[in-house]
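Take a look at the letters that make up each chain.
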Amino acid sequence: MALIIPILFTLFLLFIIQNYKRISWILKVCDYGKRLPGPPIQPILGNTNTFVDKDGVQMIEYIVKTANEFREKGEKIMRFQLIGKMLVLPLDGETAQSILQSTTELDKGDDYGFARAWLGRSVLLEGYGERWKSHRRLVTPTFHFAKLEGYLEVFNRETKIMMEILDEFAKSGETVDLFPYIKRCTLDVICGTAMGINVDSQHNPSDPYVKAVEGFNKLSVTHAMKPHLQNDFIFWILGYQKQKDDFVRTMKQFTGKVTAERRAAIESGEVDQHSSKRDMNFLDILLCSKETSNWSEEDIREEVDTFMFAGHDTTATSFSWMCWNMAHNPNIQEKVYEELIDIFAVFHSNPNVFPNPEKFDPDRFLPEKMDGRNAYDYIPFSAGLRNCVGQKFSQLNEKVLLIHMLKNYKIEPKLAFSKTRPSLEIVSKPSNGIPVRLIRR
Ligand code: HEM
């Protein structure tokens, strides 16, 4: 019995020595937590408890409500402190501007680490430096205007397929949740534009590759939201690591095979490597470019997969919210139908800048309304050096989707506006889908 206390004490000391770095990091975060404005914190845990029992929808609602309270107090930033992690949110455009214009704070946070097993050191994850600069230089031209025109054929082809599929619901009058259909459409768009292949997930929703992409995205959210899963051992013992490995293997094999086949076709002359860049997909451009001659097969795969990851869920979610807003605002829907004009609306919730932020009001983006607004008050694609390379691509893709959708159907909501809420995920998904009835025009 007399030995128990010294043994426990020694074990405790060993634990401290072994985890010294992690413990001093946690203490440093606690110290910063006290100095930054934010909701009250508990020792070490910070605000962790506030989030434990909340689902994705409740988290967003809590964050928006707390942000408004701190804005009212005149604060410019707000923090949430978790164990060893600090989330600092800018509360207005001016503050976002000073962060995003920084030429030193350009690396990504720890949460991006989850995707590394799939996306490695691609342009999305790579820290700021020579390697990122050279990759970004190569990726950027694939979104030049002339190139985007070349992608229009794929946008139109895949959107028409979605219209055909949705037509069954229009005929029967059955309620349809648009979200999964839009998601598969944008996945086929990105496969067509990034790799020049037709995955046709719209007709094959249970294809192993499609399932792996969906599964990986869901798992990355589960990992980010549940603090205990961030411990590698717990993640492994609960079977999540195996799931992750299986998804990553399927996705890597798929893109690896497409890349190898495409390279063989280029080398055999089947695909003309001297054709204009306008006619090439992203993979062809990477394979034929002089600048990538020293890239490994893995480097190329990582960039192509980054487009798959960053490019389809984002556009799908943004367009789904657009349909939900259109469904709940028939007057605007009719106006757009008549004019098929250039609009683009996403959810930003600062009432000082966007009074009544949940109201769908595309007129907020009229030039006269933009005057006096900080350019950084509306940054769905981020801004600064690490802004989104795919912005114009997805805007054009969404315009094509919107044109087809509104030309073919009137969209009617089958649920009150507030019954499907943004849920905190990598991109804020609708908690109850986008349930609508489609009426053929
Ligand atoms: C509505 C659609 C989209 C939205 C809202 C969106 C939003 C964003 C945001 C906020 C970032 C910055 C992320 C960060 O700071 O870590 C980003 C980065 C990025 N996006 Fe997008 N995105 C969209 C579509 C796309 C598409 C279609 C592609 C490619 C086909 C794409 C490729 C990328 C890449 C490669 C980066 C990393 C850029 C870098 O770090 O240099 N995105 N996007």
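Residues numbered from 1 in each chain as written. Predicted model: local features only at pLDDT ≥ 70, side-chain atom pairs only at ≥ 80, totals over all residues. Heavy atoms only, no water.

Novice: Help me understand the UniProt feature "binding site: heme" (unreviewed entry) in the protein, please; the structure alone is not making it clear to me.
Specialist: Following the UniProt record, the feature "binding site: heme" (unreviewed entry) maps to Cys-388 here. Structurally, Cys-388 can be placed in the loop between α17 (367–370) and α18 (391–408). With sequence-adjacent residues up to four places away left out, Cys-388 is seen in contact with Arg-136 and Phe-381. (UniProt positions renumbered as here; feature names shortened; annotations may be inferred. Helix = DSSP H or I, 4+ residues; strand = E, 2+ residues; numbered from the N terminus. Contact = heavy atoms within 4.5 Å.)

Novice: Could you clarify how one ought to interpret the side chain of Thr-193 in this entry?
Specialist: Structurally, Thr-193 is set in helix α9 (residues 178–195). A relative accessible area of 3% places Thr-193 in the buried class. Only 2.8 Å separates the side chain of Thr-193 from the backbone oxygen of Val-189, close enough to count as a polar contact. What Thr-193 contacts, discounting residues up to four positions off in sequence, is Tyr-151, Val-154, Phe-155, Asn-281, Phe-282 and Phe-393. (Buried < 20%, exposed > 50% of the residue type's maximum accessible area, 1.4 Å probe, protein only. Polar contact = N/O pair within 3.5 Å; in protein donor to acceptor, adjacent residues only side chain to side chain.)

Novice: Help me understand the packing of aromatic side chains, please; the structure alone is not making it clear to me.
Specialist: Note on aromatic pairs: each is described by the distance of the centres and the angle between the planes. All told, the structure shown has 18 aromatic pairs when counted by the stated rule. Both rings, one in Trp-118 and one in Phe-309, keep their centres 5.6 Å apart while their planes meet at 80°; by these two values the pair is edge-to-face. Of this pair, Trp-118 sits in helix α6 (residues 116–119) while Phe-309 is found in helix α14 (residues 297–311), placing the two residues 191 residues apart along the sequence. Per residue, the accessibility class of Trp-118 equals that of Phe-309, and both read buried. Chaining the aromatic ring pairs together yields one cluster made of Phe-114, Trp-118, Phe-216, Phe-235, Tyr-240 and Phe-309. Between the NZ or CZ atom of Arg-184 and the centre of the ring of Tyr-181, over which it lies, the distance is 5.3 Å. Lying across the ring of Tyr-337, Arg-441 places its NZ or CZ 3.7 Å from the centre. (Phe/Tyr/Trp six-rings, centres within 6.5 Å; stacked < 30°, edge-to-face > 60°. Lys NZ or Arg CZ within 6 Å of the ring centre and 35° of its normal.)

Novice: Would you mind showing me how to read helix α8 (residues 145–172) here?
Specialist: An α-helix turns once per 3.6 residues; consequently, residues spaced three or four apart project the same way. With 28 residues, α8 extends 40 Å from end C-alpha to end C-alpha; this agrees with the ideal 40 Å at 1.5 Å per step. For α8, the principal kink sits at Tyr-151 and spans about 35°. (Expected span 1.5 Å × (residues − 1). Bend = angle between axes of the 7 residues up to and from the residue.)

Novice: Would you mind going over the site of the ligand with me for this structure?
Specialist: Around the ligand, a shell composed of 26 residues is seen, among which Lys-108, Tyr-112, Trp-132, Arg-136 and Cys-388 lie nearest. Contact between the ligand and Lys-108: an oxygen atom at 2.8 Å from a side-chain N or O atom of the residue. Take Arg-386: an N or O atom from its side chain is 3.1 Å from an oxygen atom of the ligand. Of all the elements in the fold, those that place two or more residues in the shell around the ligand are α7 (130–139), α14, α15 (313–328) and α18. In terms of residue count, α14 provides more of the shell around the ligand than any other element does, four residues in total. Of the residues contributing to the shell around the ligand, the split by class is 13 nonpolar, nine polar and four charged. Counting contributing residues per domain, the shell around the ligand is built from domain 2 (136–328) and domain 3 (388–440), each supplying no fewer than three. (Near = heavy atom within 4 Å. Nonpolar A, V, L, I, M, F, W, Y, C, P; charged D, E, K, R; others polar. Domains from an automatic or database assignment.)

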